[in-house]
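Each chain, letter by letter, is given below.
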Amino acid sequence: MTPFLTSIPRRRRFLVVLPVLALLVWALLPPTRLNSPSTLFGAIKGSSIKSSDSILRYIDPLIGTVNGGHVFPGATLPYGMAKAVADTDNRAEAAAGFVSDESKIRGFSHLHDSGTGGSPSLGNFPLFVHPGCPEDDFRKCKFTSIERPVVRVDGSATARPGYFAIGLNNSVYAEMTASEHTTLYRFSFPKAAEVYSHGEMVPSSPLILLDLIDLGNSRTGGDIFVNATTGRIQGNGSFVPSFGNGAYTAHFCADFRGADIRKSGMFLDTNSTDEVHALGNVGSNFYIPSGSAGGWVHFARPPNDQIMARVGLSFISPEQACHNAETEIPDFNFERVVKAGEKAWKEKLDVVKPDYSGMSEEFLTTFWSGFYRALISPQDYTGENPLWKSDEPYYDSFYCIWDSFRAQHPLLTIIDPAVQTKMVRSLIDTYKHEGKLPDCRMSFSKGYTQGGSNADVVLADAYIKNLTDGIDWNLGYEAVVSDAEVEPKDWSTSGRGNLVAWHDLGYVPYDDTDRNGTGPMSRGISRSVEYAYDDFVIALMARGLGHKADETKYLQRSRNWRNMFNPQQEDRYRDEEGNVHKTQFKGFMQPRYRNGTWKYQNTRLCSPIYQQHSCYFDTQYDTYEGSPWLYTFYVPQDMASLIEALGGREAFVERLDYFHSSGINYMGNEPNFLPTFQFHYGGRPGRSNYWVHQYIPGQFNSSINGIPGNDDCAMGAFTAFAFMGFYPVAGQDVYLLTAPLFREVSIRTPSGKKAILRNVGGFDAPHYRNIYIQSARLNGKPYTKNWITHDFFVHGGTLEFVLGSTESEWGTKSEDLPPSLSTGLQN
């Protein structure tokens, strides 16, 4: 990019670069590809007009679509099952289908996850559109996912809530939207008898194919049938989940409008025919091998230069997929579906009303886009569960709860408690029918358990915050106790492992021999501290439900973090010259043998500054996706005792500051969120404010790579909390208070009243020199605590702050600190 453009804000640079690139593309193409530059501009202008809505205009779904964010930027409803987007051929980054890079477009598919790690997820049954075939011969079109990908028109990707569009350099402009279980596409073509496609001119006679593959190329078998008269394509395939065990079957029903049908047929790899119209068990009894295979329809030139494609989806049957499509989008009315999607998003997001005074467009986009991403998944699959019959809701794509329990689910408890209640009911119903709560679940399959049984925290958080509508809390308690007491045969996908050692020794030993179940015999540190916190929240549920003996037992187990804490462990590291250095910090979580002796793990291992990528699910080490530095801070049930073990408040704050400033912290993983705010426990809430302003906009911003890691729908939740001025301690009735980044933010409560956080003095956005709370008042009365309870977000109230440029005494006294188990925690 030319130097003068680098000084222009990102969005303005886009407006400058797009016309320039479009003119260059037009100038280099044959005159029959596009009649004039206005052809391309007309298509883009008609679909990418920015919303005038005070919320939707600030949502950029493309944030996080590079650099490992894996965000789904396509068309969907809040928690929607149908998710339409253009899929790229960048397998390393295309976990959610689309990537904002220069990779080619391989199709448009209808089911996706968002923000996940692991392998590419879903992306089943992609459509691909040829504007015509060489020599008007369908056999000469490209059918396979390897041959057909086409370059995108640079800068043409447009995304907003409920809508996605992109231009391809094969003369196709693709727009898409979605209802609950159905996607709708509008494919536009140039007004010309011949068009440009795959390097040559072809007659204008579109061919649309539907491939049975998914993003991970995991399909086995399947069926497909093309109705030669109507062009309807129906079928299914069986696939494997992207981060777990098992298999699932998905079904589809595709219909088209806008042009007469010339021919139709089947393809298998590079071979295509118009003599066969069914493959699989439907009519032919032909087993469809893996790889690209499917059906196609060859159309006459569309009189209005557009073809509509509607794809109904189901996990029950092709017939239900057709029913979903015919019920939800009977009229193929693209604009109606787009507007319905915008309305659905506006209704969900409108519960929060910030004051925009002093806010830059970049900050508003960062906030609203993060808030938006937090509502993409889990996905509402109610009525589409093929595994068991139930009147309970069914949500899928809890991917994974290890990521989402810390921020996303607590956010939904505040801003969408009705849906969070349904999610909790779904988790309990999964326990009822499968015997365990999931720690990770996608595509009706058990996902891998990354640490503790953290659905326990989701349930406890909901219980403590009094979500009750339709929830069987006795069954919910039975579920969490099962996690704590009963080891499954395969604890790699549910429950906990090494439970005998956990019960008898109070930790997960490095050299334990587990004879009761199987799973990765690693991650002893991270599993132990997570098991301890899981037991703590179970104790809180036991207290509320009147199980006194259980409360005592689980509170005792929650103290087991001490068994992994080696008070003598030093922090040593080697510099670039190979010299060994030692910091002043002593005392870290460390691996331990069954006999009680310590094993050494480098305190910085699995951090950005030392072998960061050594601690994934298949690790041999004792921490998961984080270092002993990180997991030493994970004692949210008793931070007062941890602070004492680390040398007192001053030493704790110094250590926590070092963690953030030294490069050890990695904000691209959810366990790192809470340490941003844990200065509150050390009596220095101002330092939490300081680090919030370092990470926003330093790592969370409105650029395409504006999140530091897999989104998991949790990065957006962290962003939303930071802007609003509080952060949850998941599983407890505790929110840690920081200065809102808005002058004021109002949250509509379930009672209809408003919870208002307001800066009444010193607010100086966009400069943010005054970031420290000097004093606070709650409903007109002085408020000195640096935390608040959920009651504020249920019954409403007004919390007012005066800000200043230096730290103050506010929230620093012992009586103002968040509660800890050792100081009489009463949740």
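Residues numbered from 1 in each chain as written. Predicted model: local features only at pLDDT ≥ 70, side-chain atom pairs only at ≥ 80, totals over all residues. Heavy atoms only, no water.

Points about the overall build of the chain
Rule in force here: Segments assigned H or I by DSSP are reported as helices when at least four residues long, segments assigned E as strands when at least two residues long, and all are numbered from the N terminus. In this setup the radius of gyration rests on C-alpha atoms only. A globule is expected at 2.2 Å times the number of residues raised to 0.38. Accessible area is worked out with a 1.4 Å probe on protein chains only. A residue is then buried under 20% of its type maximum, exposed over 50%, and partly exposed in between. A contact between two residues is defined here by any heavy atoms of the two lying within 4.5 Å. Surface accessibility follows the Shrake-Rupley procedure with a 1.4 Å probe radius. Residue values consider only the protein chains on display as shielding.
When you go through the chain residue by residue, the secondary structure sums to 19 helices and 34 strands. The C-alpha atoms of the chain give 27 Å as radius of gyration, which agrees with the globular expectation for 827 residues (28 Å, within 12%). The C-alpha extent of the chain, read off along each of the three principal axes, is 80 × 60 × 60 Å. Sorting the 827 residues of the chain into buried and exposed places 64% on the buried side. Taking as baseline every contact in the chain between residues at least 6 positions apart, the subset at least 24 positions apart corresponds to 70%. Put simply, the chain shows about 28,700 Å² of open surface, and 49% of that area lies on carbon and sulfur atoms.

Quick word on the sheet that holds strand E24 (residues 445-447)
Definition in use: At least two DSSP bridges between two strands are required for those strands to pair.
The strand order across the open sheet formed by three strands is E13-E24-E23, and the pairing between neighbours is antiparallel. Each edge of the open sheet is held by one strand with a lone partner, namely strand E13 (244-245) and strand E23 (441-442). As defined by bridge partners, E23 adjoins E24 across two bridges and the pair is classed as antiparallel. Note that in E24 the partner of Arg441 across the bridge is Lys446.

Description of the pairing of strand E18 (residues 293-299)
In terms of residue burial, E18 counts as a mostly covered element, since seven of its seven residues are buried. Pairing of strand E10 (residues 207-211) with E18, which is carried by five bridges, proceeds in the antiparallel orientation. Within E18, the position partnered with Leu210 by the bridge is Gly295. The pairing of strand E15 (residues 261-268) with E18 spans seven bridges and is classified as antiparallel. Looking across to E18, one finds that Leu268 is bridged to Ala293.

A word on the nonpolar core
So the rule is basically this: Only buried residues count toward a nonpolar core. Its members are Ala, Val, Leu, Ile, Met, Phe, Trp, Tyr and Cys residues joined through side-chain atoms within 4.5 Å.
Among the nonpolar cores identified, the biggest contains 151 residues, and Val352, Ile415, Met724, Phe726 and Ile747 are the most heavily contacted of them. Ranked by residue count, the leading element in this core is helix H12 (residues 524-545), at ten residues. Not counting residues within four places of it along the chain, the set of residues in contact with Met724 comprises Val352, Phe367, Leu411, Pro740, Val745, Ile747 and Leu757. Core analysis: the second largest hydrophobic core is formed by 67 residues, Leu62, Met81, Ala82 and Ala178 among them.

Quick notes on the layout of surface pockets
We apply this condition: Definitions used for this entry: grid spacing 1 Å over protein atoms alone; cavity, a set of points where a 1.4 Å probe fits but cannot get out; pocket, an open set with protein on both sides within 12 Å along at least 5 of 7 lines; lining residue, one with an atom within 4 Å of a point. Grid points are joined across faces, edges and corners, and a volume is the space filled by probe spheres set on the points.
Its volume calculated, the second largest pocket comes out at about 460 Å³. In terms of lining residues, the second largest pocket is bounded by 33 residues, among which Tyr616, Glu625, Gly668, Asn669 and Asn710 are the most central.

A few points about the pattern of salt bridges
Under the convention used in this document: Take a side-chain nitrogen of Lys or Arg and a carboxyl oxygen of Asp or Glu: if they are within 4 Å of each other, that pair is a salt bridge.
Counted according to the given criterion, the structure contains 35 salt bridges. The salt bridge partner of Asp456 is Arg496, with a shortest N-O separation of 3.5 Å. Note that Asp456 is positioned in helix H9 (residues 455-464) and Arg496 in the loop between helix H10 (473-485) and helix H11 (499-504), a separation of 40 residues in sequence. Arg496 carries the same exposure label as Asp456, and that label is buried. Here Arg684 makes a salt bridge to Glu807, at a shortest N to O gap of 2.8 Å. In this pair, Arg684 is assigned in the loop between helix H16 (649-661) and helix H17 (685-698) and Glu807 in the segment after strand E34 (797-804), connecting sequence segments 123 residues apart. The class for Glu807 is partly exposed, based on a relative accessible area of 30%. What you see here is one network of salt bridges that share partners, running through Arg232, Asp255, Arg310 and Glu326.

Looking at the packing of aromatic side chains
Remark: the centre distance and the inter-plane angle together describe each pair of aromatic rings, the angle taken between the planes. What counts is decided by this rule: Between the rings of Phe, Tyr and Trp (Trp by its six-membered ring), a pair exists once the centres lie within 6.5 Å; its type follows the angle of the planes, with under 30 degrees stacked, over 60 edge-to-face, and the other angles tilted. Placement of a charge over a ring requires the Lys NZ or Arg CZ to be within 6 Å of the ring centre, with the centre-to-atom vector within 35 degrees of the ring normal.
Under the defined criterion, the tally for this structure stands at 61 aromatic pairs. With 6.3 Å between their ring centres and 85° between their planes, Phe763 and Tyr768 make a pair best called edge-to-face. Like Phe763, the residue Tyr768 is buried in the burial classification. Three or more aromatic residues joined by ring pairs make a cluster, and in this case those are Phe673, Phe677, Phe700, Phe718, Phe721, Phe726, Tyr727, Tyr735, Phe792 and Phe793. The ring of Tyr163 carries the charged tip of Arg160 above its face, separated from the ring centre by 4.3 Å.

Topic: the packing of H9 against H10
Applicable threshold: Under this scheme, a helix contributes an axis fitted over its contacting stretch, all axes are lines through C-alpha atoms, and angles between N-to-C directions fall in the 0 to 180 degree range. Working rule for handedness: look at the near helix, and if it is turned counterclockwise from the far one by less than a right angle, call the crossing left-handed; if clockwise, right-handed. Each residue gets one of three labels, nonpolar for Ala, Val, Leu, Ile, Met, Phe, Trp, Tyr, Cys and Pro, charged for Asp, Glu, Lys and Arg, and polar for the others, Gly among them.
Packing of H9 against H10 leaves a shortest axis separation of 10 Å and a crossing angle of 145°. Handedness of the crossing formed by H9 with H10: left-handed. Residue-level inspection shows Asp456, Leu459, Ala462 and Tyr463 of H9 in contact with H10, the latter providing Trp473, Gly476, Val480 and Asp483. Residue composition of the contact of H9 with H10, grouped by class: five nonpolar, one polar and two charged.

Observations regarding the side chain of Asn786
Within the fold, Asn786 resides in the loop between strand E32 (781-782) and strand E33 (787-788). You can call Asn786 buried: its relative accessible area is 0%. Once you skip the residues sitting within four places of it in the chain, Asn786 turns out to touch His680, Pro685, Tyr735, Leu736, Leu737, Trp810, Gly811, Asp816, Leu817 and Pro818.

Observations regarding empty space enclosed by the protein
Tallied over the full model, the rule gives nine cavities of 30 Å³ or more. Forming the walls of the largest cavity are 13 residues, and the residues nearest its centre are Phe405, Arg406, Tyr634, Leu674 and Ala730. Within the lining of the largest cavity, the residues separate by chemical class into eleven nonpolar, no polar and two charged. The volume enclosed by the second largest cavity comes to roughly 80 Å³. As for the second largest cavity, its lining consists of 13 residues, and the residues nearest its centre are Ser377, Ser397, Tyr399, Asp712 and Cys713. Of the residues contributing to the lining of the second largest cavity, the split by class is five nonpolar, six polar and two charged.

Some thoughts on the state of the cysteines
This is how it is decided: Cysteine sulfur pairs qualify as disulfides if the two atoms are within 2.5 Å.
On inspection of all chains with the given rule, the structure shows four disulfides. Two residues, Cys253 and Cys322, share a disulfide whose sulfurs are 2.1 Å apart. Disulfide Cys253-Cys322: torsion about the S-S bond near 95°, hence right-handed. Taken together, the positions of Cys253 in strand E14 (residues 248-257) and Cys322 in helix H3 (residues 318-328) put the pair 69 residues apart, joining distant regions of the chain. Both residues of the pair, Cys253 and Cys322, count as buried. Residue pairing for Cys400: its cysteine sulfur links by disulfide to Cys440, the two sulfurs lying 1.7 Å apart. One disulfide, between Cys400 and Cys440, carries an S-S torsion of -55° and so falls in the left-handed class. Separated by 40 residues along the polypeptide, Cys400 in the loop between strand E22 (395-396) and helix H6 (401-404) and Cys440 in the loop between helix H8 (417-434) and E23 bring together distant segments of the chain.

A look at the sheet that holds E32
Reading across from one edge, E20-E29-E30-E34-E31-E32 is the order of the six strands in this open sheet, with mixed pairing throughout. Only two strands of the sheet have a single partner each, and these edge strands are strand E20 (352-354) and E32. Here strand E31 (residues 772-778) pairs with E34 via six bridges, running antiparallel. Counted as the bridge partner of Ile773 is Leu803 from E34.

Looking at helix H5 (residues 361-373)
Selection criterion: Working rule for helices: expected span equals 1.5 Å times residues minus one.
Here H5 is 13 residues long and its end C-alpha atoms lie 18 Å apart, about the 18 Å a rise of 1.5 Å per residue gives. In terms of burial, H5 is a largely internal element, eleven of the 13 residues being buried. Along H5, the residues classified as buried are Phe363, Leu364, Thr365, Thr366, Phe367, Trp368, Ser369, Gly370, Phe371, Tyr372 and Arg373.

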